[in-house]
Amino acid sequence: MNEELKKRLVTMVEEERRLRSELASDGSLFDGYPTVIRDLHLNQANELERIVEADGWPKISLVGKEGADAAWLILQHAISRPAFVKECFPVFESAVRENEASVRHLSCLTDGIRYFSRKPQIYGNYFVWNEHGQLVPWTIEDPENVDERRKKVGLNTLEERIREMEEDVRKNNVSPPEDYLKRQLEMDEFLKEVGWIP
């Protein structure tokens, strides 16, 4: 096991969590995509890319479960680097087949790529605020069978996940965006700027 690499990955995730917590406490985390966390995500994505180029994907056998989970989370947050995320997807998928990465994490990565590409998600991992101020799952492909797909990757039912998300919103005192339409336009502009959508 590469303890030094594991430590680098875990430290990056801890740094992101500290910043996320600070932004959540002052409310700015929930007001779009703050530049400070966007920059951190981009820098960490660039660092992960250097790691992948030097050592390959950080698998469980290389960095332990904690390190592998950290690598996935960094990739999950690499939304300013769509080409890198898409490039890593088949490598991550291969690691899952080898039991070197989490299938639940693969479901999140799958839905993330589809969400940011503005396509229906498969597993229902991504939630958005709607025009009525409710946090709801992003559009789901074949919604009648979503719970079956979720079960195959170790997720609870969509109904249970919706209740968990509602509880998180209440517990963390999170409010919907003041201007729903403005937020949607900002998101679309960001996705175009970084290359997720044309």
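This one's a predicted model, so the numbers in the text were calculated from it and none came from an experiment.

**Student:** Sorry if this is basic, but what is going on with helix H8 (residues 180–194) here?
**Tutor:** A rise of 1.5 Å per residue sets the reference length of H8, with its 15 residues, at 21 Å; its end C-alpha atoms lie 22 Å apart and thus fit the reference within 8%. Those residues of H8 that are buried are in contact with helix H2 (35–55), helix H4 (82–97) and helix H5 (103–116). Sitting at the amino-terminal end of H8 is Asp179, which places a side-chain oxygen 3.3 Å from the backbone nitrogen of Leu181. At the exit of H8 stands Gly195, carrying a positive phi of roughly 105 degrees.

**Student:** Would you take a moment to explain the environment of Asn46 for this structure?
**Tutor:** Structurally, Asn46 is set in helix H2. Residue classification places Asn46 among the partly exposed residues on the basis of a relative accessible area of 24%. Polar side-chain contacts of Asn46 include one of 2.6 Å to the side chain of Arg81.

**Student:** Explain the nonpolar core here, please?
**Tutor:** Counting 43 residues, the largest nonpolar core has Leu9, Leu48 and Trp57 as the members making the most contacts within it. When contributions to this core are tallied by element, the ones reaching two or more residues are helix H1 (3–26), H2, helix H3 (60–76), H4, H5 and H8. Among residues more than four places away in sequence, those in contact with Leu9 are Leu48, Ile51, Pro58, Val63, Gly67, Ala70, Ala71 and Ile74.

**Student:** Would you explain the pattern of salt bridges in this entry?
**Tutor:** Any two side chains of opposite charge can pair if their charged atoms end up close together. Tallied over the full model, the rule gives 16 salt bridges. With a shortest N-O distance of 3.8 Å, Lys6 and Glu66 are connected by a salt bridge. Taken as a pair, Lys6 in helix H1 and Glu66 in helix H3 lie far apart in primary sequence, 60 residues in all. The class of Glu66 is partly exposed, set by a relative accessible area of 47%. With a shortest N-O distance of 3.0 Å, Glu159 and Arg163 are connected by a salt bridge. A residue pair is termed a helical-turn pair when its members lie 3 or 4 positions apart in one helix, as Glu159 and Arg163 do in helix H7 (residues 158–171) at four residues. Of the residues examined, Arg163 reaches a relative accessible area of 44% and is grouped as partly exposed. If you follow the salt bridges from partner to partner, you end up with Arg8, Glu47 and Arg50 in one network.

**Student:** Looking at this model, I keep getting lost on the packing of H1 against H3. Mind explaining?
**Tutor:** Any two packed helices are characterised by how steeply their axes cross, that is the angle between the axes, and by the distance between the axes. Interaxial distance between H1 and H3 falls to 8 Å at its minimum, and their mutual angle equals 40 degrees. The pairing of H1 with H3 is recorded here as oblique in orientation. Relative to H3, the crossing made by H1 is left-handed. Across the interface between the two elements, Leu5, Lys6, Leu9, Val10, Met12, Val13 and Arg17 from H1 touch Leu62, Val63, Glu66, Gly67, Ala70, Ala71, Leu73 and Ile74 from H3. Grouping the amino acids of the contact of H1 with H3 by side-chain chemistry returns eleven nonpolar, one polar and three charged.

Parameters at a glance
Throughout, residues of each chain are indexed from 1 in the direction in which the sequence is written. Under the rules for a predicted model, residues below a pLDDT of 70 receive no local features and side-chain atom pairs below 80 are neither given nor counted, while totals for whole chains, interfaces and linings still include all residues. The basis for every side-chain value is the complete set of heavy atoms in the structure, and neither hydrogens nor water enter the calculation. Every helix listed is a DSSP run of H or I at least four residues long, and every strand listed is a run of E at least two residues long, numbered separately from the N terminus. Expected span, for any helix, means 1.5 Å times one less than how many residues it has. By the convention used here, residues are in contact when the closest approach between their heavy atoms is within 4.5 Å. N or O atoms closer than or at 3.5 Å make up a polar contact, with two conditions inside protein: a donor-capable atom paired with an acceptor-capable one, and, for residues adjacent in sequence, both atoms drawn from side chains. Classification of residues uses two cut-offs on accessible area relative to the type maximum, computed with a 1.4 Å probe and protein chains only: under 20% is buried, over 50% is exposed, and between them is partly exposed. Joining through side-chain atoms within 4.5 Å is the link that ties buried Ala, Val, Leu, Ile, Met, Phe, Trp, Tyr and Cys residues into a set, and such a set is a nonpolar core. Salt bridge, as applied in this entry: a Lys or Arg side-chain nitrogen positioned within 4 Å of an Asp or Glu carboxyl oxygen. Axes, fitted as lines to C-alpha atoms, cover a helix only where it is in contact. Angles between the N-to-C directions of the axes lie from 0 to 180 degrees. Each angle gets one of four labels, with under 35 degrees taken as roughly parallel, over 145 as roughly antiparallel, 65 to 115 as roughly perpendicular, and the rest as oblique. Helix crossings are classified by the rotation of the near helix relative to the far one: an anticlockwise turn of less than a right angle makes the crossing left-handed, while a clockwise turn makes it right-handed. Amino acids outside the nonpolar list (Ala, Val, Leu, Ile, Met, Phe, Trp, Tyr, Cys, Pro) and the charged list (Asp, Glu, Lys, Arg) are all regarded as polar, and Gly is one of them.

The values reported here are purely geometric and, on their own, carry no functional implication.
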